[in-house]
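# Tertiary structure, described
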Amino acid sequence: MYEPEVVLETHNLNKDYRRTRALSDINIALDRGRIYGLVGQNGAGKTTLMRIIAGLSQPTQGSITLFGASSQPSLVRARRRLGAIIETPALYPDLSAAQNLEIERLIRGVADRSRVKRLLQQVGLDGTGRKRVRDFSLGMRQRLAIAVALLADPALLLLDEPINGLDPMGIIQVRQLLTTLAHEHGCTILISSHILSELDQLADEYLFVSDGRIIKQLTAAELSTQHDNLEGYFLELLKEGTPQ
Amino acid sequence: MKGLLYAEFYHLRRSRWFHIMLVADVLISIVFVFAAKDAHPLPGRTVLRSALIDLPLMMMLCAIFAGLYIGPAFTNKTVARAITAGHSRTRVMLAKCIVYLIATAVILLVYPLLSSGMACARAGWGVTITWGECISVARVIALAVLLNAAVCMLFAFLSFMLQDTGKAIGTSVVVYLLLTILATPRPALPVWLNGLLVLLPTNIARDVAFARPLSAGLAWQALAGGVVCLVLLLLLTGFAFNRSELK
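Residues numbered from 1 in each chain as written. Chains lettered and ligands numbered in written order. Predicted model: local features only at pLDDT ≥ 70, side-chain atom pairs only at ≥ 80, totals over all residues. Heavy atoms only, no water.

### Some words on the overall build of chain A
- For chain A, the helix and strand inventory stands at nine helices and ten strands.
- For 244 residues, the compact-globule formula gives about 18 Å, and the C-alpha radius of gyration of chain A, at 18 Å, lands near that figure.
- For chain A, the spread of C-alpha atoms along the three principal axes comes to 50 × 40 × 40 Å.
- Residues classed as buried in chain A amount to 55% of the 244 residues present.
- Once local pairs closer than 6 in sequence are excluded, the contacts in chain A between residues at least 24 apart make up 67%.
- Accessible area for chain A stands at about 11000 Å²; split by element, carbon and sulfur atoms hold 47% of it.
- Across chain A, the 28 positively charged side chains and the 28 negatively charged ones have centroids separated by 9 Å. (Helix = DSSP H or I, 4+ residues; strand = E, 2+ residues; numbered from the N terminus. Rg over C-alpha atoms; globule rule 2.2 N^0.38 Å. Buried < 20%, exposed > 50% of the residue type's maximum accessible area, 1.4 Å probe, protein only. Contact = heavy atoms within 4.5 Å. Areas by Shrake-Rupley, 256 points an atom, 1.4 Å probe, with all protein chains shown as cover. Lys, Arg positive; Asp, Glu negative; His and termini not counted. Charge placed at Lys NZ, Arg CZ, Asp CG, Glu CD.)

Encoded structure:
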């Protein structure tokens, strides 16, 4: 199957909530097999952008092209290759971890039943048995949400604060997992996190968002020539304040 | 669509609230059966007809269940999960509504089937069971299911619109009470309004339950009324859900 090098493109994406502009002329292109860090303050528009890509929200203006698809029905089909954690983990609290994954397997039409067990092992939840998700810690829910997002071998992963609540070991495991997925399996990852030190270790490229605009886009290599770390660069950008 | 339906049934089978509703349903049915103090045990046929007349009482459970089944899909964001998985909103809504309507049909039928079954065991059916009798009973039950599904679809519509468990339960219960109040003609209301109220599925369902025997005209009126109401509400729900901003 032909795999386009650019998996996602947005074209002059705008989103208004009543009189507030949440996104303004967003034009981005994400290449296959790269990890993109979405950096911005609260309310900058990171989650809104992810929600539009995932189909949870409609843009006021503009369009997106996902895996070469841009019409509404083809976009719906293209989203089958998408995995996402947006805001809080979307889970059935009355079901166990395995049952949550089983539902996702049915929704996604994944024939391989053993995938549920393998994923539970991969995220370290294979020992949870019949324990219901409502009794899980935040870290366990986050691990399960990652497993749900990975179930259908996605080609594009949208991760909004995926390491929230994870313990240090969990953060290391998730980092290794995401790096392997992107660099060995060609999965594109768009990840937002307020833990900039973590993004610094993960991302190949950064998109800085402020007031609904992409104010800067640069690669990890470019960043390293300009500044010691992501945090320092981000603070500098905020001080400058004007979009570039 | 098949995958979505499988997933919804998988969830329904494990839904704590569905099990609680069924237990409550069975308990209420038993109370109703034993509370009826008749000098002689009534035959199954009579009890079935009476149970179908009482059926709107059970509709309260369906109003609450709409909020408990559809509401959490929004608060837990599992609706969003299905959309992100590459399903259109219309299909997600249809799968949820189909499974909800099947669940409510089960909830509603427990009482008439249980009570008439118990009565039948004690005093027999009441008349000789012939093919004609079987078809007549099946027709009345099918129409009751259809008309009640049309009413339940109103609760599902409210749950999709409100996208919140508490608000959906509260509003559905208020609408249920309103429908109950409007179930009998009100002389104080204008004639045209009373004429319109006759067309409410709850009121047609009552007429069907009272009719002995069920005339072909009323059967067609019930069928048309139920189907039109159900389809209109499904279209309205789909229209609203497709344009809504998900939480």
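### What about the overall build of chain B?
- Within chain B, the secondary structure is distributed over ten helices and zero strands.
- Secondary structure elements in chain B, listed N-terminal to C-terminal, are α-α-α-α-α-α-α-α-α-α.
- Expected size for 247 residues packed as a compact globule is a radius of gyration near 18 Å; at 19 Å, chain B falls within 12% of this value.
- Pairs at least 24 apart in sequence give 84% of the contacts found in chain B among residues at least 6 apart.
- Summed over all atoms, the accessible surface of chain B reaches about 11400 Å², with 75% contributed by carbon and sulfur.
- Between the averaged position of the 20 positive side-chain charges in chain B and that of its 8 negative side-chain charges there is a distance of 7 Å.

### Topic: the packing of helix H5 (residues 89-123) of chain B against helix H6 (residues 131-162) of chain B
Residues and elements named next belong to chain B.
- In the contact formed by H5 and H6, the axes pass within 9 Å of each other and the chain directions differ by 130°. In this view, H5 runs oblique relative to H6, as classed from their interaxial angle. Crossing hand, H5 versus H6: right-handed. Listed contacts from H6 to Met93, Lys96, Cys97, Tyr100, Leu101, Thr104, Ala105, Leu108, Leu109 and Leu113 of H5 are Ile141, Val145, Asn148, Ala149, Cys152, Met153, Phe155, Ala156 and Phe160. (Axes fitted to C-alpha atoms, helices over the stretch in contact; angles between N-to-C directions. Parallel < 35°, antiparallel > 145°, perpendicular 65-115°, else oblique. Left-handed = near helix turned anticlockwise from the far one by under 90°.)

### Let's talk about unusual backbone geometry
- In the Ramachandran plot, Asp153 of chain A falls in the positive-phi region, its phi being about 50° despite a non-glycine side chain.
- Residue position: Asp153 of chain A is located in the loop between helix H5 (138-150) and strand S7 (156-160).
- A positive phi angle is found at Gln163 of chain B, which is not glycine, with a value near 55°.
- A relative accessible area of 4% means that Gln163 of chain B is categorised as buried.

### Quick word on the pattern of salt bridges
- Inspection of the entire model under this criterion finds 16 salt bridges over all chains.
- For the salt bridge of Asp16 of chain A with Arg21 of chain A, the shortest nitrogen-to-oxygen distance reads 2.8 Å.
- For Asp16 of chain A, a relative accessible area of 26% corresponds to the partly exposed category.
- Residue classification places Arg21 of chain A among the partly exposed positions, given a relative accessible area of 41%.
- Asp94 of chain A is paired through a salt bridge with Arg134 of chain A; the nearest N and O atoms lie 2.5 Å apart. Separated by 40 residues along the polypeptide, Asp94 of chain A in the loop between strand S6 (82-85) and helix H3 (97-108) and Arg134 of chain A in the loop between helix H4 (114-122) and H5 bring together distant segments of the chain.
- With relative accessibility at 36%, the residue Arg134 of chain A sits in the partly exposed group.
- Salt bridges linked by common partners bring Asp94, Arg132 and Arg134 of chain A together with Arg16 of chain B together as one network. (Salt bridge = Lys/Arg side-chain N within 4 Å of Asp/Glu carboxyl O.)

### Details of the side chain of Ser193 of chain A
All names here are of chain A.
- Checked against the element boundaries, Ser193 lands in the loop between strand S8 (188-192) and helix H7 (196-202).
- Residue class for Ser193 comes out buried when judged on its relative accessible area of 3%.
- In terms of polar contacts, Ser193 uses its side chain to reach the backbone amide nitrogen of Ile195, at 3.0 Å.
- Sequence-distant contacts of Ser193, that is, excluding residues within four places in its chain, are made with Leu38, Glu161, Ile163 and Leu199. (Polar contact = N/O pair within 3.5 Å; in protein donor to acceptor, adjacent residues only side chain to side chain.)

### Section: the packing of aromatic side chains
Residue and element names in this part refer to chain B.
- All told, the structure shown has seven aromatic pairs over all chains when counted by the stated rule.
- When the ring of Phe74 is compared with that of Phe160, the centres are 5.6 Å apart and the planes differ by 85°; the resulting orientation is edge-to-face. Within this pair, whereas Phe74 is found in helix H3 (residues 44-75), its partner Phe160 is found in helix H6, the two being separated by 86 residues in sequence.
- Its relative accessible area of 3% is what places Phe74 among the buried residues. (Phe/Tyr/Trp six-rings, centres within 6.5 Å; stacked < 30°, edge-to-face > 60°.)

### Here's the deal with the interface of chain B and chain A
- Between chain B and chain A, the contact holds 24 residues from the first and 33 residues from the second.
- Roughly 2500 Å² is buried in total at the junction of chain B and chain A, and carbon and sulfur atoms are behind 54% of that figure.
- The largest contributions to the chain B side of the interface with chain A come from Tyr10, Arg81 and Thr84 of chain B, which together make up 27% of the buried area.
- Our count for the chain B to chain A interface comes out at three salt bridges.
- A salt bridge links Glu104 of chain A to Arg81 of chain B; its shortest N-O distance comes to 2.8 Å.
- At the surface where chain B touches chain A, the tally comes to six residue pairs in polar contact (both at pLDDT 80 or more).
- Mapped onto the side of chain B that touches chain A, the elements with two or more residues apiece are helix H1 (2-13) and helix H4 (78-84) of chain B.
- Its residues assigned to classes, the side of chain B that touches chain A comprises nine nonpolar, eight polar and seven charged. (Buried area = accessible area lost by both parts, 1.4 Å probe. Nonpolar A, V, L, I, M, F, W, Y, C, P; charged D, E, K, R; others polar.)

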